[in-house]
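# Chains, contacts and geometry: an overview
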Amino acid sequence: MATKLHRIDDRQRRARLARRHHLARSARATDVVTVAGDLVGFHGSDPASVFLSARARLRNPAVTVAALEEGLYEHRTLVRTLCMRRTMFVVPTGLVPVVQAAVTEALLPG
């Protein structure tokens, strides 16, 4: 018995990706910690990129700087950590051990 495979075209793939990454208007998030978790962290190639990445994904982009700083410095729900290629990522506290084991420990000299 042959199974018919459902084909996903480029338009559908891009739409799914935009929703999953909170870039579609209908999928914008209200919480910066949720977005960081869903993305498995914000990538920080320069100091502003974490803030810009969060801003693009939040329903109310005006709160981006305050929300990130609160998560990092006041509530401690977000952590900055060095990851792949020694670049900075901002991840939720609960993901730090996963990221540490997956990509950071290999950077340490043995």
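Read on for a plain summary of the structure. Residue numbers here run from 1 along each chain, matching the order of that chain's written sequence. Since the coordinates come from a predicted model, pLDDT governs what is reported: local features require at least 70, and pairs of side-chain atoms require 80 or more to be given and counted, while whole-chain, interface and lining totals use all residues. Hydrogens and water molecules were not included; the side-chain quantities draw on all heavy atoms of the structure.

### So, the overall build of the chain
A run of H or I in DSSP counts as a helix once it spans at least four residues, and a run of E counts as a strand once it spans at least two, with each numbered from the N terminus. Looking only at helices and strands, the chain has five helices and three strands in total. Starting at the N terminus and ending at the C terminus, the chain contains elements arranged as α-α-β-α-α-β-β-α. We take the radius of gyration over the C-alpha atoms and set the globule estimate at 2.2 Å times the residue count to the 0.38 power. For the chain, whose C-alpha radius of gyration is 17 Å, the value lies well above the compact-globule estimate of 13 Å for 110 residues. Its C-alpha atoms give the chain principal-axis dimensions of about 55 × 45 × 25 Å. When a residue's accessible area, from a 1.4 Å probe over protein chains only, is under 20% of the maximum for its type it is buried; when over 50% it is exposed; and in between it is partly exposed. Within the span of the chain, comprising 110 residues, buried residues form 30% of the whole.

### Notes on the environment of valine 40
If you trace the backbone, valine 40 turns up in the loop between α2 (32-38) and β1 (42-44). Classification of valine 40 by relative accessible area gives partly exposed; the value is 46%. Residues valine 40 and proline 92, spaced 52 residues apart in sequence, show a C-alpha to C-alpha distance of 8.1 Å. Sequence-distant contacts of valine 40, that is, excluding residues within four places in its chain, are made with Phe89, Val91, Leu95 and Val99. Any pair of residues with heavy atoms lying within 4.5 Å of one another is described as a contacting pair.

### A closer look at the sheet that holds strand β2 (residues 78-82)
Strand order across the open sheet formed by three strands is β1-β3-β2, with antiparallel pairing between neighbours. Looking along the sheet, the strands with just one partner apiece sit at the ends: β1 and β2. Along the sheet, successive strands turn relative to each other by an average axial angle of 30°, direction set aside. With three bridges connecting them, β1 and strand β3 (residues 88-92) associate as antiparallel partners. Note that in β3 the partner of glycine 44 across the bridge is methionine 88. Note on geometry: axes are lines fitted to C-alpha atoms, helical ones only across the stretch in contact, with angles between N-to-C directions running from 0 to 180 degrees. Packing against the sheet, helix α4 (residues 64-74) makes contact with β1, β2 and β3, and its axis sits at approximately 80° to β2. Pairing between two strands is assigned when DSSP locates at least 2 bridges connecting them.

### What about the environment of threonine 3?
Topologically, threonine 3 is positioned in the segment before α1 (10-20). Distance from threonine 3 to valine 99, taken between C-alpha atoms, is 38 Å for residues 96 residues apart in sequence.

### A look at the pairing of β3
Where a strand is regular, its side chains alternate between the two sheet faces. For β3, a buried count of five out of five residues is recorded, marking the element as mostly surrounded by other parts of the structure. Pairing analysis gives five bridges linking β2 to β3, with the strands arranged antiparallel. Counterpart to threonine 81 in the pairing with β3 is phenylalanine 89. Where β2 folds back onto β3 in an antiparallel hairpin, the turn is made up of five residues, including arginine 85, whose phi is positive at roughly 55°.

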